Amino acid sequence: MKKTSAVIGILVLIFFLATACLKPREVPMISIDESINMYIVADPHYMSEKLTDDSKTFINYLDTVDRMMKYTGVFLDIVEDEIKKNQPDIVVFPGDLTNNGSRVNHLEFEKRLERMKSTGTKIYVVPGNHDINNEKALYFKDDQLQLTESINEDEFVKIYKDYGYGEAISRDENTLSYLAKPYKNLWLLMLDTTKDYPEPGGYINRDTLNWIVSCSEMAKEEDAEIIVVMHHNLLDHSDIIWEDYTVDNNTSVLNTFHEIGIQVVLSGHIHIQDIKSHTSVETGHTVYDIATSSLPVYNHQYGQLTYSPSKGYDYQTIKLNVEKYALENNLKDENLLSFNKYSEEFFINNLCRKHKESIRLLELSDEEKQEVFNTVVEMNKKYFSGYRNEALKEYIESEGFQIVEGLGECFIQEYIMGMIKDQNADNNKLHIPIK
Ligand SMILES: [Fe+2]
């Protein structure tokens, strides 16, 4: 009798497990009066502490990059802390997850995602140009810069199977692009836009564009909205810096997005905070490309997008409070405890270095050069953080600006004038009504 009961018990268990496996994953619906909350963490460029040391070579390397490599882990710790506190529904990472695609960086980054996901947040990633087949994957040891292993495309999919690839409802045959369905009525089209890893340029080939159209047909059948997430930019975010940032064939991509009714594109790559839109002359349809600035780059912020079927989309940026985090977590690093001062100094030394060089070559007195540099620094700080036009107008009165205006055509003049003529005054906030 005991034996029969045990057999029946096992059969019931097998039946239960089999039906559980066959049952399609329940996908929730966002009801008309609900809204969902999504974080966008762009270009975190994570670098493991295992790959660094305190050598002079490493310190010299830190001075050559725009991002604050030394603290990429701390910035992600703060994001993780905020995810645990605020429990956003979704977090997307539009590429450049790691510094130069080192395997060690990817494996540690994945562990961080695992912790973020443990709170119930859905996480989706796509690769950026730095993440795959990167022959510049590096580490620092014995005061030397050494090369280490990167990962290939298959390994990327394997490492990140729990962050989009495993639940994709469609995969592109030519790239690592995929379609995910976190909600019945809100889907994510995660696009792999790097033309040739690890080269910086972006491109979406004809076959992938056809696949994108087929994804949109699937979504239309179920009356679902699609948000596009891609590493490269859809639209030019600067008059001077666009080559290798905007996808090469953005006219065809733009036409496709207008045709299928995409409203929102979330991108990264350019490392500055900027929102651009394009309206189709024929149909009047508008698509927005929201480029969120890189997490380890001044002004150290991430994006937040809320979506409501009745109200549409609302985007804003959230600046990391590094000093508060350092204090609350008893961190002893002085740079973190006085982060606002440290990050400003880092910004002047690293991000304004190129401008300092250009100013040095101008035929001006040392005092005039200093005035011009002071103006460039202040305007750059606003520009990188996403504030333009009105916010920059106060500097038009400055002595440095007047000097630049009086110069002949040169890089600094072109750069400063380019910052002022922007489509948006505030690139940190946007409301997009529902179609
Ligand atoms: Fe990047």
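All values reported here derive from a predicted model rather than from experimental measurement.

1. Things to note about the sheet that holds strand β11 (residues 274-279)
Part 1 of the reasoning: Strand order in this open sheet of seven strands is β6-β7-β8-β9-β10-β12-β11, and the pairing throughout is mixed. Pairing within the sheet leaves two strands with one partner each, and these edge strands are β6 (170-171) and β11.
Part 2 of the reasoning: Looking at chain direction, strand β8 (residues 186-191) and strand β9 (residues 225-230) are connected through six bridges and run parallel. Bridge pairing links Leu189 to Val228 in β9.
Part 3 of the reasoning: Running at roughly 170° to β8, helix α6 (residues 206-221) makes contact with β6, β7 (178-183), β8 and β9 of the sheet.

2. Let's talk about the nonpolar core
Part 1 of the reasoning: Residues Phe93, Tyr160, Ile227 and Leu266 are the most contacted members of the largest nonpolar core, which totals 66 residues.
Part 2 of the reasoning: When residues of this core are assigned to their parent elements, the largest contribution, six residues, is made by helix α3 (residues 72-86).
Part 3 of the reasoning: Look past the residues within four positions of Ile227 in its chain and what remains in contact with it is Met38, Leu186, Trp187, Leu188, Leu189, Val264, Leu266, Leu305 and Tyr313.
Part 4 of the reasoning: Judged by nonpolar contacts, the second largest core, of 29 residues, contains Ile359, Val376, Phe384 and Val404.

3. Quick notes on the environment of Ile359
Part 1 of the reasoning: Summarising the element assignment, Ile359 is placed in helix α11 (residues 353-360).
Part 2 of the reasoning: As for Ile359 and His269, which are separated by 90 residues in sequence, their C-alpha atoms are 27 Å apart.
Part 3 of the reasoning: Once you skip the residues sitting within four places of it in the chain, Ile359 turns out to touch Lys369, Val372, Phe373, Val376 and Ile412.

4. Observations regarding the domain arrangement of the chain
Part 1 of the reasoning: The domain boundaries assigned to the chain delineate domain 1 (36-320) and domain 2 (352-420).
Part 2 of the reasoning: Taken residue by residue, the interface counts 14 residues in domain 1 and nine residues in domain 2.
Part 3 of the reasoning: Taking both partners together, domain 1 and domain 2 bury about 970 Å²; carbon and sulfur atoms supply 56% of that area.
Part 4 of the reasoning: Considering only the surface of domain 1 that becomes buried against domain 2, Ile240, Ile272 and Tyr298 emerge as the three largest contributors, covering 50% of it.
Part 5 of the reasoning: The tally of links from domain 1 across to domain 2 stands at zero salt bridges.
Part 6 of the reasoning: Viewed at the interface, domain 2 and domain 1 are joined by three residue pairs in polar contact (both at pLDDT 80 or more).
Part 7 of the reasoning: Counted by class, the side of domain 1 that touches domain 2 contains four nonpolar, eight polar and two charged residues.

Conventions we followed
- Residues numbered from 1 in each chain as written.
- Predicted model: local features only at pLDDT ≥ 70, side-chain atom pairs only at ≥ 80, totals over all residues.
- Heavy atoms only, no water.
- Pairing = 2+ DSSP bridges.
- Helix = DSSP H or I, 4+ residues; strand = E, 2+ residues; numbered from the N terminus.
- Contact = heavy atoms within 4.5 Å.
- Axes fitted to C-alpha atoms, helices over the stretch in contact; angles between N-to-C directions.
- Core = buried A, V, L, I, M, F, W, Y, C linked by side-chain atoms within 4.5 Å.
- Buried < 20%, exposed > 50% of the residue type's maximum accessible area, 1.4 Å probe, protein only.
- Domains from an automatic or database assignment.
- Buried area = accessible area lost by both parts, 1.4 Å probe.
- Salt bridge = Lys/Arg side-chain N within 4 Å of Asp/Glu carboxyl O.
- Polar contact = N/O pair within 3.5 Å; in protein donor to acceptor, adjacent residues only side chain to side chain.
- Nonpolar A, V, L, I, M, F, W, Y, C, P; charged D, E, K, R; others polar.

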